[in-house]
Amino acid sequence: MPIVRLDEATVRRIAAGEVVERPASVVKELVENALDAGARAIRVEIAAGGRELIRVQDDGCGMLPEELPLAVERHTTSKLRDFADLARLTTYGFRGEALAAISAVSDFEIASRPPASGHGARLRVRFGKPGRVEPVGMSVGTIVTVRDLFATVPARRRFLRQDATETAYIQRVLAALALARPDVRVEFVVDGRTALATPGSGRLVDALAGVYGAETAASIVSLEPIESGEIAVHGAIGLPAVARANRQSLFLLVNGRWIESRTLVAAIEQAYHTLLMVGRYPIGVVAVSLPPDRVDVNVHPTKREVRFADERAVAAAVHEAVRRTLLSHLPAQPPPAVTFSPLEPPVIQRRLLVADPSRVPPPPPVISPAAPAPGEAPSSAPPAEGRLPILRVLGQVRQSYIIAEGPDGMYLIDQHAAHERVLLERLRRDQRAGDRVQYLLEPQVVELSAAQATALQGHLPDLAALGFVAEEFGPRTLLLRAIPAALKPTTIARVLQETCEALAQDAPPADWREAICLLLACKTAVKAGQLLSLEEMRALLEQLDEAELGHTCAHGRPTAVLLTHGQLEREFGRR
Ligand code: ADP
Ligand code: MG
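Residues numbered from 1 in each chain as written. Chains lettered and ligands numbered in written order. Predicted model: local features only at pLDDT ≥ 70, side-chain atom pairs only at ≥ 80, totals over all residues. Heavy atoms only, no water.

**Details of the overall build of the protein**
Part 1: Regarding its fold elements, the protein presents 18 helices and 25 strands.
Part 2: Here the protein holds 575 residues, and the buried ones make up 48% of them.
Part 3: Considering only residue pairs separated by 6 or more positions, the protein has 68% of its internal contacts joining residues 24 or more positions apart.
Part 4: Carbon together with sulfur atoms contributes 53% to the accessible area of the protein, which is approximately 28100 Å² in total. (Helix = DSSP H or I, 4+ residues; strand = E, 2+ residues; numbered from the N terminus. Buried < 20%, exposed > 50% of the residue type's maximum accessible area, 1.4 Å probe, protein only. Contact = heavy atoms within 4.5 Å. Areas by Shrake-Rupley, 256 points an atom, 1.4 Å probe, with all protein chains shown as cover.)

Here is the structure:
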């Protein structure tokens, strides 16, 4: 086969394939030209996904009539004279082939008027064949009209997707532009309807509202700015609530240019870690600035991908900025409640039976019998919420929490706190009833230290009122014949010793009996870390249901937390 020189039209068509992949790439080239021309306002109009019509109008510097034929020739550019210029590039376009390529595969027209001219000029190029330059009345700037894109390249045309998909690609190009340049007014009209409009105020918030809509933009927060070495990161990202079902609403800018980078997207998604459900993706704009010699923008024909000198460092800075921002904007973890990850909004509603939740004190490490803490709601306090409903026990978590199902959701019950509450209620009630005592088969001997005995001195009548039948058996020995019905005989000697020990360490309590009740309840209750059988757990929950203040332990801490059906559904993305 003899070697032949390809005719100019063929060369252009082949080149066009590299630059002009689809309508969105045409739009990208045209708006970048408009920006290079110093436009302050850019209006883009399309019909049928860009196949029928793409029109880009700007108010930039325009061109003289005699420049129009040059602009549509290959390798003609006003932006680059030699290779050395490439390194210093600040404009978007530089290859001088976009207009040539687009006009080779469409019914193309460019009309332009520089500010100094009284009127404009236009040049039509039909599928690579230029016509004559003609005068035209128009405002200052440039209008490029592209009709019937790829009409002469059936292979390319077949490769295009549905109109809606091509439109979405174009919209993404314009969203990126609008976010990269909040100082430029951007309008996008699809089949006669405005799909995107930013005011060009120069403020990112306004651009965000124009791109995402005001409601979504309200959940987009400024990035905590990061500067690490030569790399700076700024921008704005959406809180997890406004995540989307695809990755098309997140934009990356490097030195003001929109780029694609799997690595940086991964770094951002990583920063959201557990905050997003599977299949949800962050939105927003993350802008990286670094010295131009640390990034190569000339690796892809349409300049969408870049090569970083130190990609890891860039990714780390981006990750850090996003992570910090999320941490500072998400609600803090509530103190003792259960959450599933340190960053998630509190998923579990705490059930606190205290009239004023702000009065709940931090739980004391050792129970002080001196006086009830403010949170230790006296039994006369009105319950703030209803009783626990009937619960079906499912199991035990960490041998500390009973997991149960109720009519309104899933409950986690602190076994120690719950049991303590049950015992306290019983001790108080039995004391009023006066007759709820259990006689021991054999009297028990309780040996006390000197300090313990002193603490107990003079309080045998109080012990009796609580249901203890005891005699002094020696100077420091008690003989127990009966104990309150709520307590367990097997451990009572030790519990009484410990109770006296606690009393000995503190100033005498104002309400001695109440203090003893609190201590006994705490020391007798099942401990955290104690394995319980299903039967024991059921019995405990039944007793808890009888307790007057079933929802808080003796120290005002919650005994139960509820994860409602609604919360479960939200956590698993069913709503
Ligand atoms: P490049 O942008 O790489 O220079 P293009 O083929 O996109 O190549 O454009 C060729 C030339 O046409 C540009 O260098 C510029 O001088 C001129 N031009 C294109 N579009 C515009 C516009 N909207 N306003 C003013 N001049 C333009
Ligand atoms: Mg260009």
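What follows picks up the thread again.
**A look at the environment of Ala232**
Part 1: Its location among the elements puts Ala232 in strand β12 (residues 231–238).
Part 2: Placed 85 residues apart in sequence, Ala232 and Ala317 show a C-alpha to C-alpha distance of 7.7 Å.
Part 3: Other than its neighbours up to four places away in sequence, Ala232 contacts Ile226, Glu227, Ala287, Val288 and Ser289.

**Focus: the sheet that holds strand β22 (residues 437–447)**
Part 1: Taken in spatial order, the three strands line up as β22-β24-β23 in an open sheet, and their pairing is antiparallel. Since the sheet does not close on itself, it has two edges, and those belong to β22 and β23 (469–474), each with one partner. For this sheet, the mean inter-axis angle between neighbouring strands, taken without regard to orientation, is 15°.
Part 2: Together, β22 and β24 (477–484) form the strand contacts of helix α15 (residues 492–504), whose direction differs from that of β22 by roughly 60°. (Pairing = 2+ DSSP bridges. Axes fitted to C-alpha atoms, helices over the stretch in contact; angles between N-to-C directions.)

**Structural notes on helix α8 (residues 204–212)**
Given 3.6 residues per helical turn, the α-helix brings residues three or four places apart onto the same face.
Part 1: For α8, the complete set of buried residues consists of Ala207, Leu208, Gly210, Val211 and Tyr212.
Part 2: Gly213, located one to two residues past α8, shows a positive phi value of around 90°.

**Examining the packing of helix α7 (residues 163–180) against α8**
Part 1: Where α7 contacts α8, the two axes come as close as 8 Å, and the packing angle between them is 165°. In terms of orientation, α7 and α8 fall into the roughly antiparallel class. Crossing angle aside, the handedness with which α7 passes α8 is right-handed. Between α7 and α8, the contacting residues are Ala175, Ala178 and Leu179 on the first element and Leu204, Ala207, Leu208, Val211 and Tyr212 on the second. (Parallel < 35°, antiparallel > 145°, perpendicular 65-115°, else oblique. Left-handed = near helix turned anticlockwise from the far one by under 90°.)

**A word on the pairing of β23**
Part 1: Inspection of the sheet shows β23 paired to β24 by five bridges, in the antiparallel sense. Its bridge partner lying in β24, Glu471 is registered against Leu479.
Part 2: Connecting β23 to the next strand, β24, in antiparallel fashion are two residues.

**Notes on the confidence of the model for the protein**
Part 1: Summarising the model, the protein shows a mean pLDDT of 81, and 79% of its residues fall at 70 or more.
Part 2: Low confidence marks residues 333–370, where pLDDT is under 50. Its contacts with residues over four positions away, or in another chain, come to 85 contacts.
Part 3: In this model residues 372–386 is a low-confidence stretch, pLDDT under 50, and it forms 28 contacts with partners more than four residues away in sequence or in other chains. (pLDDT = per-residue confidence, 0-100.)

**What to know about the pattern of salt bridges**
Pairs may arise between side chains of opposite charge once their charged atoms sit close together.
Part 1: Enumeration according to the criterion identifies 25 salt bridges in this entry.
Part 2: With a shortest N-O distance of 3.0 Å, Glu32 and Lys28 are connected by a salt bridge. Here the residue Glu32 and the residue Lys28 both occupy positions in helix α2 (residues 23–36), the gap between them amounting to four residues, near one helical turn.
Part 3: A relative accessible area of 8% means that Lys28 is categorised as buried. (Salt bridge = Lys/Arg side-chain N within 4 Å of Asp/Glu carboxyl O.)

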